[in-house]
Amino acid sequence: MKKLWNNKTTRTNLTTYLVVTVAFVVMQLMSSFGQLGSAMKGYLIPVCAYIVMAVSLNLLVGVCGELSLGHAGFMGIGAFTGIVIAALLQDAIPNDTLLLVVAMFAGGIMAGIFGFLIGIPALRLRGDYLAIVTLAFGEILKNIFSNLYVGLDSEGLHMAVSTGKVQLLEGGRMILDGPVGATGITKLSTFPMGFVLILFTLFVVLNLINSKEGRAIKAVRDNRIATESVGINVTAFRMKAFVVSAFLAGMAGTLFGLNFSSLQASKFNFNASINVLVFVVLGGMGNILGSVISTAVLYILPEAMRGLDDLRMILYAVVLIIVMLFTWSPSVKNAVQSVTASVQEKLRKNKKEAVNNE
Amino acid sequence: MNEYSRKMIKVSSVNLFREQDAGKPPVLDVRNLGIDFGGLTAVDGFNMTIGPTEISGLIGPNGAGKTTIFNLLTSVYQPTRGSILLKGIDTKGMNTAKVNKLGIARTFQNIRLFNDMTALDNVKVGMHNEIKCSFLASLLHLPSYYKSEKKANEKAMELLDFMGLADIADQKAGSLPYGVQRRLEICRALASNPAIILLDEPAAGMNPSETAELMHQIRRIRDTFQIAIFLIEHDMNLVMNVCEGIVVVNYGKIIAKGTPEEIKNNPAVIEAYLGKKKEADA
Ligand SMILES: Nc1ncnc2c1ncn2[C@@H]1O[C@H](COP(=O)(O)OP(=O)(O)O)[C@@H](O)[C@H]1O
Ligand SMILES: [Mg+2]
């Protein structure tokens, strides 16, 4: 155990799991003792979904160094796929938790497939070009959802991209209704399941980072030519990371979608993608625990400040700037480092003196 | 091998510099290689063969086209003319990763290590294709993951130890001294199990004692792994001492080829390259 703790990566990973678990237990206790307001309670599941979004985007942006601006599109695919699957299998799977898990995997797989298809053309590009193309794909996906009609009746699913084509039998109902979005959703998502999804995401992403695939991904980011020179097919790796990231975003989407009784495609627009990117950048590129914490804080902050009205967005902006200075500005970083170093030095001295005095 | 067998080309018997390689097909057979960058002909009519366990040198003044030749051999550039046969297989159209899998690894004149990773991880990236662990096993850390990682760690440590780098295994590559970084790059290249390794100015930036150690290591690499080594170097003492065959280029063209003895006494070489040095010495 001690040996495990001495390994820096293992230590960081265990800390990440620990922080998430403690936060979950605290929130769960507070909620069951009635210490959480109803508004706060309402944020628990969306926060979980966005944490998964941020961690999966961090895999792309932070670890691989690929700027993607369409992450919310994959979330949307997961959300609507999950909603349809949950409606379809409602009778076949009586257990809500199992139904949610099945819907989440369906949402993840669908998003992963789209990630693969989008990746084929998009991953030929790099840097700004990749960012522009993923932005466009995100918007295209959003528009497709706004024009998608899915109905369910005794004969099964009916799908169309225009209203007139979906004719339902007696007793049938629309699951997705174009611009109106999904309505009459059975709310399957729970906070504990959100927590489990976060753990699953951390498990997959941290494992990936610490495997030969993760090493190759980091190598590609550091030095592409050197990576190729030892026989690593760079394109294949970018694709793998892209698909895994889309898969996790899809699962987050399902969790998010099955948390509301109705859902519009506009929830998954460019703004949502940018918000997730802000969480990732402010949490620190490649820093997984950072993504978790910054999402939790920055998602709840604007909502918690609702009482402040107009001041709210100003304060939010100020917080963003301060966090940015602390995580990115070299001079602030150096100042913080020198302070911590001198504190550590003092502590060490004290310890030494204590030992000498004995 | 089978995948390539249709591309196999029969190799004519060639004159190789090392006795032990006599009669064996060369690992590298370059024919009439050339590349133009716009109007500039950087390399032209480059012909050479390297035996399977031969140490050969590539020398020439700065800007002669030496690094460009390495970039052509490793498919960083596609040649304008000519062909490269690696173990008898034409590498035309293959990318860098593919020619590495076929058997060619290299180091870089301006060191290209993965600076944020430890020395050990740098070597393990080199072993990537050898580590047998499926993507799913990596994602879920299945037992096969732990097994393959353990094996990889052991072999990577062995390689580091071989290059005298075992002590710095856990240090970030970017924080290492220059000479150590150069040896770590060789170590990473060796990790990909090449049949031939290309070293681009391996002694650049090293002090004399490090260079002496490097000379010893270059021979030891060949003797231990039984592979060919092709090196670019400006340190004439190193080149003349470790190389069995030497090719001299100037302005992208070969001006001389031969054993160290022959090169030392070749008037064209003395004029184009060594001559300057002799004058300076005088
Ligand atoms: N990608 C490139 N584009 C244009 N010119 C190049 C390129 N790579 C190399 N060259 C030119 O080719 C010539 C040979 O360069 P190089 O092979 O680096 O020389 P050496 O390694 O022998 O010092 C130089 O004139 C250089 O400017
Ligand atoms: Mg050069």
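Residues numbered from 1 in each chain as written. Chains lettered and ligands numbered in written order. Predicted model: local features only at pLDDT ≥ 70, side-chain atom pairs only at ≥ 80, totals over all residues. Heavy atoms only, no water.

S.K.: Quick question: what am I supposed to make of the overall build of chain A here?
M.R.: When helices and strands are tallied, chain A shows 14 helices and three strands. Its C-alpha atoms give chain A a radius of gyration of 23 Å, within 12% of the compact-globule value 21 Å for 358 residues. Viewed in the frame of its principal axes, chain A has a C-alpha envelope of about 90 × 60 × 45 Å. Once local pairs closer than 6 in sequence are excluded, the contacts in chain A between residues at least 24 apart make up 72%. Of the roughly 17,200 Å² of accessible surface on chain A, a fraction of 65% belongs to carbon and sulfur atoms. (Helix = DSSP H or I, 4+ residues; strand = E, 2+ residues; numbered from the N terminus. Rg over C-alpha atoms; globule rule 2.2 N^0.38 Å. Contact = heavy atoms within 4.5 Å. Areas by Shrake-Rupley, 256 points an atom, 1.4 Å probe, with all protein chains shown as cover.)

S.K.: So what exactly am I meant to see when it comes to the overall build of chain B here?
M.R.: Check the secondary structure of chain B and you find eleven helices and ten strands. The C-alpha radius of gyration computed for chain B amounts to 19 Å, which stays within 12% of the reference 19 Å derived for 282 residues, consistent with globular compactness. Referenced to the eigenvectors of the C-alpha coordinate spread, the extents of chain B come out at roughly 65 × 50 × 40 Å. The buried share of chain B, taken over its 282 residues, is 55%. Here the contacts in chain B between residues at least 6 apart in sequence split such that 67% fall between residues at least 24 apart. Total accessible area on chain B is roughly 12,500 Å²; 51% of this is exposed by carbon and sulfur atoms. For chain B, the separation between the mean place of its 33 positive charges and that of its 31 negative charges on side chains is 7 Å. (Buried < 20%, exposed > 50% of the residue type's maximum accessible area, 1.4 Å probe, protein only. Lys, Arg positive; Asp, Glu negative; His and termini not counted. Charge placed at Lys NZ, Arg CZ, Asp CG, Glu CD.)

S.K.: It is not clear to me how the state of the cysteines should be interpreted in this structure. Could you clarify?
M.R.: The term disulfide refers to a covalent linkage connecting the sulfur atoms of a pair of cysteines. Applying the stated criterion to the full structure yields zero disulfides over all chains. Lacking any disulfide linkage, Cys64 of chain A is separated from the closest cysteine sulfur, that of Cys133 of chain B, by 17 Å. (Disulfide = S-S within 2.5 Å.)

S.K.: Before we go on, may I ask you to explain the site of ligand 1 in this structure?
M.R.: Residue and element names in this part refer to chain B. Every residue near ligand 1 is listed here: Phe37, Leu40, Ala42, Asn62, Gly63, Ala64, Gly65, Lys66, Thr67, Thr68 and Tyr77. Note that an oxygen atom of ligand 1 is positioned 2.8 Å from one of the backbone N or O atoms of Gly63. Contact distances for ligand 1 include 2.7 Å between an oxygen atom and a side-chain N or O atom of Thr67. Protein contact buries 63% of the 570 Å² of open area that ligand 1 shows by itself. For the shell around ligand 1, the elements supplying multiple residues, two or more each, are strand 2 (40-50) and helix 2 (66-73). Examining the composition of the shell around ligand 1, we find that three residues originate from one element, helix 2, more than from any other. Among the residues making up the shell around ligand 1, the classes are represented as five nonpolar, five polar and one charged. (Near = heavy atom within 4 Å. Polar contact = N/O pair within 3.5 Å; in protein donor to acceptor, adjacent residues only side chain to side chain. Nonpolar A, V, L, I, M, F, W, Y, C, P; charged D, E, K, R; others polar.)

S.K.: Explain the interface of chain A and chain B to me, please; I cannot follow it from the model alone.
M.R.: Accessible area lost during the coming together of the parts is what is often quoted as the interface size. The partner chain B presents 31 residues to the 27 residues of chain A that form the contact. The three residues of chain A that bury the most area against chain B are Lys212, Arg215 and Val230 of chain A, which together make up 27% of that side's buried surface. On inspection of chain A and its partner chain B, the count reaches one salt bridge. Measuring nitrogen to oxygen at the nearest pair gives 3.1 Å for the salt bridge that ties Arg215 of chain A to Glu149 of chain B. At the level of secondary structure, the elements contributing two or more residues to the side of chain A that touches chain B comprise helix 7 (191-209), helix 8 (212-222), helix 9 (224-229) and helix 10 (234-257) of chain A. (Buried area = accessible area lost by both parts, 1.4 Å probe. Salt bridge = Lys/Arg side-chain N within 4 Å of Asp/Glu carboxyl O.)

S.K.: In this structure, what is going on with helix 5 (residues 96-122) of chain A? I would like to understand it.
M.R.: Within an α-helix, residues lying three or four positions from one another point in the same direction, as the helix has 3.6 residues per turn. Over its 27 residues, helix 5 of chain A extends 37 Å from the first C-alpha to the last, a length consistent with the 39 Å expected when each residue adds 1.5 Å. Capping the start of helix 5 of chain A is the job of one residue whose side-chain oxygen sits 2.8 Å from the backbone nitrogen of Thr97 of chain A: Asn95 of chain A. (Expected span 1.5 Å × (residues − 1).)

S.K.: Is there a simple way to think about the coordination of the magnesium ion (ligand 2) in this case?
M.R.: The reference angle at a metal is 109.5 degrees if four donors form a tetrahedron and 90 or 180 degrees if six donors form an octahedron. All names here are of chain B. Taken together, Thr67 (OG1) and Gln109 (OE1) make up the protein donors of the magnesium ion (ligand 2), found 2.0 Å from the metal. In this pair, Thr67 sits in helix 2 while Gln109 sits in the loop between strand 6 (104-106) and helix 4 (119-126), placing the two residues 42 residues apart along the sequence. For Gln109, a relative accessible area of 31% gives the class partly exposed. (Donors = N, O, S within 2.8 Å, 3.2 Å for Na, K, Ca; no water.)

S.K.: Mind showing me how you'd approach the sheet that holds strand 6 of chain B here?
M.R.: Sheets are built from strands paired through backbone hydrogen bonds, the pairs being either parallel or antiparallel. Residue and element names in this part refer to chain B. Pairing within the open sheet is mixed, and its six strands lie in the order 6-7-8-3-9-10. Either end of the sheet is taken by a strand with one partner, and the two such strands are strand 6 and strand 10 (253-258). Going across the sheet, the axis of each strand differs from the next one's by a mean of 20 degrees, ignoring polarity. Summarising the sheet, strand 9 (residues 245-250) and strand 10 pair through five bridges and their orientation is antiparallel. Along strand 10, the bridge assignment pairs Val247 with Lys257. Along the sheet, helix 2 contacts strand 3 (55-59), strand 6, strand 7 (196-200), strand 8 (228-232) and strand 9; its crossing angle with strand 8, the most-contacted strand, is approximately 145 degrees. Helix-sheet contacts for helix 8 (residues 208-225) involve strand 3, strand 7 and strand 8, and the interaxial angle to strand 8 is about 155 degrees. (Pairing = 2+ DSSP bridges. Axes fitted to C-alpha atoms, helices over the stretch in contact; angles between N-to-C directions.)

S.K.: Honestly, the environment of Val19 of chain A in this entry has me stumped. Any pointers?
M.R.: All names here are of chain A. Counting through the fold element by element, Val19 comes out in helix 2 (residues 8-32). By relative accessible area, which is 33% here, Val19 ends up partly exposed. Residues Val19 and Val84 lie 65 residues apart in sequence; the distance between their C-alpha atoms is 34 Å.

S.K.: How should I be thinking about the environment of Pro121 of chain A in this particular structure?
M.R.: All names here are of chain A. On the secondary structure map, Pro121 appears in helix 5. Among the residues examined, Pro121 registers a relative accessible area of 39% and is labelled partly exposed. Spatially, the C-alpha atoms of Pro121 and Leu157 are 31 Å apart, while their sequence positions differ by 36 residues.

S.K.: Can you help me understand the confidence of the model for chain B in this one?
M.R.: Low pLDDT marks regions whose predicted coordinates should not be analysed in detail. Residue and element names in this part refer to chain B. The predicted model of chain B has a mean per-residue pLDDT of 88, with 91% of residues at 70 or higher. Throughout residues 1-14 the model reports pLDDT below 50, and contacts reaching past four residues in sequence, or to other chains, amount to 22 contacts. A low-confidence stretch, residues 277-282 (pLDDT under 50), is modelled with one contact involving residues beyond four sequence positions or located in other chains. Two numbers describe this predicted complex: its pTM, 0.81, and its ipTM, 0.86. (pLDDT = per-residue confidence, 0-100.)

S.K.: Which parts of the structure should I look at to understand the pattern of salt bridges?
M.R.: Side-chain pairs of opposite charge can arise where the charged atoms are in close proximity. By the definition in use, this model includes 19 salt bridges over all chains. The closest approach of N and O atoms between Arg238 of chain A and Glu66 of chain A, which form a salt bridge, is 2.5 Å. Within this pair, whereas Arg238 of chain A is found in helix 10, its partner Glu66 of chain A is found in the loop between helix 3 (38-64) and helix 4 (71-89), the two being separated by 172 residues in sequence. Neither residue differs from the other here; Arg238 of chain A and Glu66 of chain A are each classed as buried. In this structure, Asp44 of chain B and Lys253 of chain B form a salt bridge, with 3.7 Å as the shortest nitrogen-oxygen distance. Here Lys253 of chain B lies in strand 10 and Asp44 of chain B lies in strand 2, a separation of 209 residues in the sequence. Within the structure, one salt-bridge network assembled from shared partners comprises Arg215 of chain A together with Asp121, Lys124 and Glu149 of chain B.

S.K.: Any chance you could explain the packing of helix 5 of chain A against helix 7 of chain A here in plain terms?
M.R.: For any two helices packed against each other, one specifies the crossing angle of their axes together with the interaxial distance. All names here are of chain A. Close contact between helix 5 and helix 7 brings their axes to 12 Å; oriented N to C, the two are set at 40 degrees. Relative to helix 7, helix 5 is oriented oblique. In this structure, helix 5 meets helix 7 at a crossing whose hand is right-handed. Taking contact as the criterion, the partners of Thr97, Leu100, Val101, Met104 and Phe105 in helix 5 are, on helix 7, Met193, Leu197 and Phe200. Of the residues contributing to the contact of helix 5 with helix 7, the split by class is seven nonpolar, one polar and no charged. (Parallel < 35°, antiparallel > 145°, perpendicular 65-115°, else oblique. Left-handed = near helix turned anticlockwise from the far one by under 90°.)

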